[in-house]
Amino acid sequence: QVQLVESGGGLVQPGGSLRLSCAASGSIFSINTMGWYRQALGKQRDMVATITSGGSTNYADSVKGRFTISRDAAKNTVYLQMNSLNAADTAVYYCYYTRAGLPRGYWGQGTQVTVSS
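Below is a short write-up of the structure.

About the criteria used
- Residues numbered from 1 in each chain as written.
- Predicted model: local features only at pLDDT ≥ 70, side-chain atom pairs only at ≥ 80, totals over all residues.
- Heavy atoms only, no water.
- Core = buried A, V, L, I, M, F, W, Y, C linked by side-chain atoms within 4.5 Å.
- Buried < 20%, exposed > 50% of the residue type's maximum accessible area, 1.4 Å probe, protein only.
- Contact = heavy atoms within 4.5 Å.
- Helix = DSSP H or I, 4+ residues; strand = E, 2+ residues; numbered from the N terminus.
- Phe/Tyr/Trp six-rings, centres within 6.5 Å; stacked < 30°, edge-to-face > 60°.
- Lys NZ or Arg CZ within 6 Å of the ring centre and 35° of its normal.
- Pairing = 2+ DSSP bridges.
- Axes fitted to C-alpha atoms, helices over the stretch in contact; angles between N-to-C directions.

Examining the nonpolar core
Residues Leu-4, Trp-36, Leu-80, Met-82 and Tyr-93 are the most contacted members of the largest nonpolar core, which totals 28 residues. If sequence neighbours within four positions are ignored, Tyr-93 has contacts with Glu-6, Leu-20, Trp-36, Tyr-37, Arg-38, Val-48, Phe-67, Leu-80, Met-82, Gly-110, Thr-111 and Val-113.

Written out as structure tokens, the structure is:
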């Protein structure tokens, strides 16, 4: 019903920047929450940043001040600007969508971000 496609991942050196994009399609409700989660090798999938349709944001402590989440509601697209990247940011980044009334949300397939010199 909802499809999420991530893009923008890749290999970057420490201190560098990347911008991830997530394009949503299908049955998108105007009132919703979208966000980014990441899963490093051997670790659990953790929340990175979320944003509501009203513009309220939430960030993990580990990325606050370095990452910025934003959205273009008209395009059903959410972005994650990642600055000052370090090796600990290496992970597969997943886009997420949910709304009131859903028993569970929807996930994208993920995009790999590797920070290495």
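Regarding the environment of Leu-80
With respect to the secondary-structure elements, Leu-80 resides in strand E8 (residues 77-82). Sequence-wise, Leu-80 and Gly-65 are 15 residues apart; in three dimensions their C-alpha atoms are separated by 13 Å.

What to know about the packing of aromatic side chains
For the structure on display, the rule yields five aromatic pairs. Taken together, a centroid distance of 6.4 Å and an interplanar angle of 90° make the contact between Tyr-94 and Trp-107 edge-to-face. Of this pair, Tyr-94 sits in strand E9 (residues 91-98) while Trp-107 sits in strand E10 (residues 106-107), and the two are 13 residues apart along the sequence. On the accessibility criterion, Tyr-94 (13% relative accessible area) is buried. What makes Trp-107 partly exposed here is its relative accessible area of 32%. For the ring pair Tyr-96 and Trp-107, a centre distance of 4.6 Å and an interplane angle of 45° mean the geometry is tilted. Of this pair, Tyr-96 sits in strand E9 while Trp-107 sits in strand E10, placing them eleven residues apart in sequence. Sitting over the face of the ring of Tyr-94, Arg-45 holds its NZ or CZ atom 3.5 Å from the ring centroid. A cation sits over an aromatic face here: Arg-99 above Phe-29, 3.7 Å from the ring centre.

What about the pairing of strand E5 (residues 45-52)?
Relative to E5, strand E4 (residues 33-39) is paired through seven bridges, and the arrangement is antiparallel. The residue of E5 that forms the bridge with Tyr-37 is Met-47. As defined by bridge partners, E5 adjoins strand E6 (residues 57-59) across three bridges and the pair is classed as antiparallel. When the bridges of E6 are listed, Thr-50 appears paired with Asn-58. Hairpin connection between E5 and E6: a loop of four residues separates the two successive antiparallel strands, and Gly-55 in this loop has a positive phi of roughly 95°.

A look at the sheet that holds strand E7 (residues 67-72)
Pairing within the open sheet is antiparallel, and its four strands lie in the order E1-E3-E8-E7. Two strands in the sheet have a free side with no partner beyond their single neighbour: strand E1 (2-7) and E7. Direction aside, the axes of adjacent strands within the sheet are offset by 15° on average.

A closer look at the environment of Gln-39
Relative to the helices and strands, Gln-39 is located in strand E4. By relative accessible area, Gln-39 is classed as partly exposed at 28%. Placed 54 residues apart in sequence, Gln-39 and Tyr-93 show a C-alpha to C-alpha distance of 6.6 Å. Not counting chain neighbours up to four residues away, the residues in contact with Gln-39 comprise Gln-44, Arg-45, Ala-91, Val-92 and Tyr-94.

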